[in-house]
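# Observations on chain architecture
Single-letter residue listing:
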Protein chains: 2
Amino acid sequence: MARRVPLAVLLVLFLAWTARSVGPRDSGAIPPRYAEDGRLLFPEGYREWIYLSSGLGMSYSKAGGDEFTNVFVTPASYRAFLSSGKWPEQTMLVVEERASASEGSIVRGGHYQAGLAGLGVEIKDSARYPDTWAYFTFRADTASAKPAAKSACWQCHEEHGAVEHSFVQFYPTLQPVARRFGTYKAPPP
Amino acid sequence: MARRVPLAVLLVLFLAWTARSVGPRDSGAIPPRYAEDGRLLFPEGYREWIYLSSGLGMSYSKAGGDEFTNVFVTPASYRAFLSSGKWPEQTMLVVEERASASEGSIVRGGHYQAGLAGLGVEIKDSARYPDTWAYFTFRADTASAKPAAKSACWQCHEEHGAVEHSFVQFYPTLQPVARRFGTYKAPPP
C-alpha cells in the first residue's frame, strides 16, 4: 500500500499552487482598479506590462509637439490578442507621454526620453460602459480619473482605430496578427 | 486522525508547483542561449521582456538617422536592478532598431514605428567573457552571432555608460533607482 500524507499538507500545497497561478506576473490578468466613488485608479505597474510601440510628436496632449508616446497593454490581453486578433473584456491600454531631450552624454542629435508628462488609459468593458470602450487621462500626480467625454477620445478611436478601438496601424508587431485573423480594418484617411 | 492521501498525488502536485515556479514568465530568469558552436542565438521573445525606453535618431547602425531604438531587459535582471541599482550576471539587454514612418492614417506629423531593422544585444557574463560584457548585432533574419570586436561597442559602453556598461542616462525610470543606490556615475561629455 502507498505511503500516505495528511490531507492538510496536500491542501496547503494545492492552495500555494493555485495562488501562484493567479498572480499578475503569471496569468497577466490585471483588471482595472476603481475607487469607491467609481473613478479609475492610476494604473500602477503599467511599465511592467507588455510594450507595444512608441511615437514621437504624436502626443495626445500637444498636437504636433515633441513628446514621446509609449504604449503598453496588460499581459493577458496581449496574449489573447496574439491568439485571436481581438481584445478581450477588461483590456487596458496605456499611452504614456514623456518629454523628449536632445542634448546630453554621447548623443549629438536625435531624441531620447525624459520626464513623465501624463497618461491616457483606454479600457474595454461592455458590462461597465454603455459604449464598451472608455477613456481616462492622468497627469503624473493624478490619483484617479473619471471617463472622458465621448467627443474627447471615443469618437476618434471609433473612426480611426484599425482594430476595434485600438490604433494597431501604429503597432508593428500586432499588425500582422490582426491581418492574419481578419480583424484589421484599413483606417480611413 | 487526519485523512491521508497517496504520496504519489502529493508528488505530482509538488512537481507541478516547482515547474511553474521556474517558468520564464514567473521568475523572469531568461539566460542567453547559445548554438553548439558558441554563437549567441537570436533572443526570441525579447518583445515580452521589460521595456526601458526609446529614442529616435540614436540608431547604432546609422548615426544621425531617423530610426527608432527600443530597449528591453530580461525581467529577472530588471527586478534585481530595482532592488540593487546593479545588473546581475546573465543580464541581457536588447536594443531594437526600427524604421520610422511619418505619413499614414490620422497622423499628420510626428513619427511612428515601422519595420524591424536589426538588434543589438548586450550580455553581462564574467564567467564566459573576459571583459565581463559582450556585444552582438543581429539583422532581422540573423540566426546567431559572435561577439563584436571590443572597439565596436565595448569601448564606448565602458566610457559612457552611466551604470556599469548600460546607458541608464537614457532610461528615465531607472535613473532615480541608480542614484538612490549610488551606482549612477555622471557620464563624461
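Above this text sits the structure in question.
A brief structural summary.

The rules we used
- All residue numbers refer to positions counted from 1 along the written sequence of the respective chain.
- Numbering of ligands from 1 and lettering of chains from A proceed in the order in which they are written.
- Totals for whole chains, interfaces and linings use every residue, but because this is a predicted model, local features are given only for residues with pLDDT of at least 70 and side-chain atom pairs only at 80 or more, for both listing and counting.
- Think of the side-chain values as coming from all heavy atoms in the structure, minus any hydrogens and water.
- Helix numbering and strand numbering both begin at the N terminus, where a helix is a DSSP run of H or I of at least 4 residues and a strand a DSSP run of E of at least 2.
- Exposure categories follow from relative accessible area, calculated using a 1.4 Å probe and restricted to protein chains: below 20% of the type maximum is buried, above 50% is exposed, and the middle band is partly exposed.
- Any two residues having at least one pair of non-hydrogen atoms within 4.5 Å are treated as being in contact.
- Note that accessible areas follow from Shrake-Rupley with a 1.4 Å probe, and for residues the cover is restricted to the protein chains shown.
- Take a side-chain nitrogen of Lys or Arg and a carboxyl oxygen of Asp or Glu: if they are within 4 Å of each other, that pair is a salt bridge.
- N or O atoms within 3.5 Å of each other form a polar contact, as long as, within protein, one can give a hydrogen and the other can take it, and as long as residues adjacent in sequence are counted only when both atoms are side-chain atoms.
- Directions from the helix axis toward the C-beta atoms define the arc.
- One requirement defines pairing of two strands: DSSP has to find at least two bridges between them.
- Side-chain atoms within 4.5 Å link the members of a nonpolar core, which is a set of buried Ala, Val, Leu, Ile, Met, Phe, Trp, Tyr and Cys residues.
- Any pair of Phe, Tyr and Trp rings, taking the six-membered ring for Trp, is counted once the centres come within 6.5 Å. Such a pair is stacked with planes under 30 degrees apart, edge-to-face with planes over 60 apart, and tilted for the rest.
- In this scheme, Lys NZ or Arg CZ marks a charge over a ring once it lies within 6 Å of the ring centre and within 35 degrees of the ring normal.

## Here's the deal with the overall build of chain A
Helix and strand counts for chain A come out as 5 helices and 8 strands. Counted from the first residue to the last, chain A has its helices and strands arranged as β-α-α-β-β-β-α-β-β-β-β-α-α. Considering chain A as a whole, with its 189 residues, one finds that 47% of them fall into the buried category. Put simply, 50% of the contacts in chain A that link residues at least 6 apart link residues at least 24 apart. By element, 58% of the accessible surface of chain A is carried by carbon and sulfur atoms, the whole surface being about 8,900 Å².

## Description of the pattern of salt bridges
Here the structure, examined in full by the defined rule, presents 8 salt bridges over all chains. Between Lys150 of chain B and Asp131 of chain B there is a salt bridge; the shortest N-O distance is 3.3 Å. Remark: Asp131 of chain B occurs in the loop between β6 (111-124) and β7 (133-139) and Lys150 of chain B occurs in the loop between β8 (144-145) and α4 (154-160); sequence separation between them is 19 residues. A relative accessible area of 31% places Asp131 of chain B in the partly exposed class. Residues joined in a network through salt bridges with shared partners are Arg47, Glu96 and Arg98 of chain A.

## Structural notes on the environment of Glu158 of chain A
Residue and element names in this part refer to chain A. Secondary-structure assignment places Glu158 in helix α4 (residues 154-160). A relative accessible area of 37% means that Glu158 is categorised as partly exposed. Residues Glu158 and Ser102, 56 residues apart in the sequence, show an inter-C-alpha distance of 35 Å. Separated by 2.7 Å, the side chains of Glu158 and His165 make a polar contact.

## A word on helix α3 (residues 75-82) of chain B
Of the positions making up α3 of chain B, those classed as buried are Pro75, Ser77, Tyr78 and Phe81 of chain B. Looking down the long axis of α3 of chain B, one finds its buried residues gathered within 160° of arc, a one-sided arrangement.

## Digging into the pairing of strand β5 (residues 92-101) of chain B
Looking along a regular strand, one sees side chains alternate from face to face of the sheet. Residue and element names in this part refer to chain B. Counting buried positions along β5 gives 9 out of 10 residues, so the element sits mostly inside the fold. Sheet analysis places β5 next to β6, joined by 9 bridges and oriented antiparallel. The partner of Leu93 across the bridge, within β6, is Glu122.

## Remarks on the environment of Leu119 of chain B
Residue and element names in this part refer to chain B. The residue Leu119 is located in strand β6 in this model. Note on Leu119: relative accessible area 4%, which makes it buried. With 76 residues separating them along the chain, Leu119 and Pro43 place their C-alpha atoms 9.3 Å apart. Among all residues touching Leu119, those that are not within four sequence positions of it are Phe42, Pro43, Tyr46, Val94, Val95, Glu96, Phe136, Thr137 and Phe138.

## Here's the deal with the nonpolar core
Counting 32 residues, the largest nonpolar core has Val121, Phe136 and Phe138 of chain A together with Val121, Phe136 and Phe138 of chain B as its most contacted members. Sequence-distant contacts of Val121 of chain A, defined by excluding residues within four places in its chain, comprise Leu40, Pro43, Met92, Leu93, Val94, Ala134, Tyr135, Phe136 and Phe138 of chain A.

## Concerning the pairing of strand β3 (residues 50-56) of chain A
Of all 7 residues in β3 of chain A, 7 are buried; the element is thus mostly enclosed. Where β3 of chain A and strand β4 (residues 68-73) of chain A come together, 6 bridges link them in antiparallel fashion. Looking at β4 of chain A, one finds that Ser54 of chain A is bridged to Asn70 of chain A. Alignment of β3 of chain A against β6 of chain B, held across 2 bridges, turns out to be antiparallel.

## A few points about the side chain of Asp125 of chain B
Inspection of the secondary structure assignment puts Asp125 of chain B in the loop between β6 and β7. Those residues within four positions of Asp125 of chain B in sequence are excluded, and the remaining contacts are Glu89, Gln90 and Thr132 of chain B.

## Notes on the packing of aromatic side chains
Inspection of the entire model under this criterion finds 19 aromatic pairs over all chains. When the centroid spacing of 5.5 Å and the interplanar angle of 65° are considered together, the rings of Phe72 of chain A and Tyr51 of chain B count as edge-to-face. Taken together, the residues Phe72 of chain A in strand β4 and Tyr51 of chain B in strand β3 (residues 50-56) connect one chain to another. An aromatic cluster is present here, built from Phe42, Tyr46, Tyr51, Phe72 and Phe138 of chain A together with Phe42, Tyr46, Tyr51, Phe72 and Phe138 of chain B joined pairwise through their rings. The aromatic ring of Tyr184 of chain B is capped on one face by Arg179 of chain B, whose charged end is 4.0 Å from the ring centroid.

## Side note on the environment of Leu52 of chain A
Looking at where Leu52 of chain A falls in the secondary structure, it is placed in strand β3. Residues Leu52 of chain A and Ile123 of chain A, 71 residues apart in the sequence, show an inter-C-alpha distance of 16 Å. Look past the residues within four positions of Leu52 of chain A in its chain and what remains in contact with it is Val71, Val73, Tyr78, Leu93, Tyr171 and Leu174 of chain A together with Arg47 of chain B.

## Side note on unusual backbone geometry
Residues and elements named next belong to chain B. Look at Thr132: it is not a glycine, yet its phi comes out positive at around 70°. With respect to the secondary-structure elements, Thr132 resides in the loop between β6 and β7. Assessed through its relative accessible area of 23%, Thr132 is described here as partly exposed.

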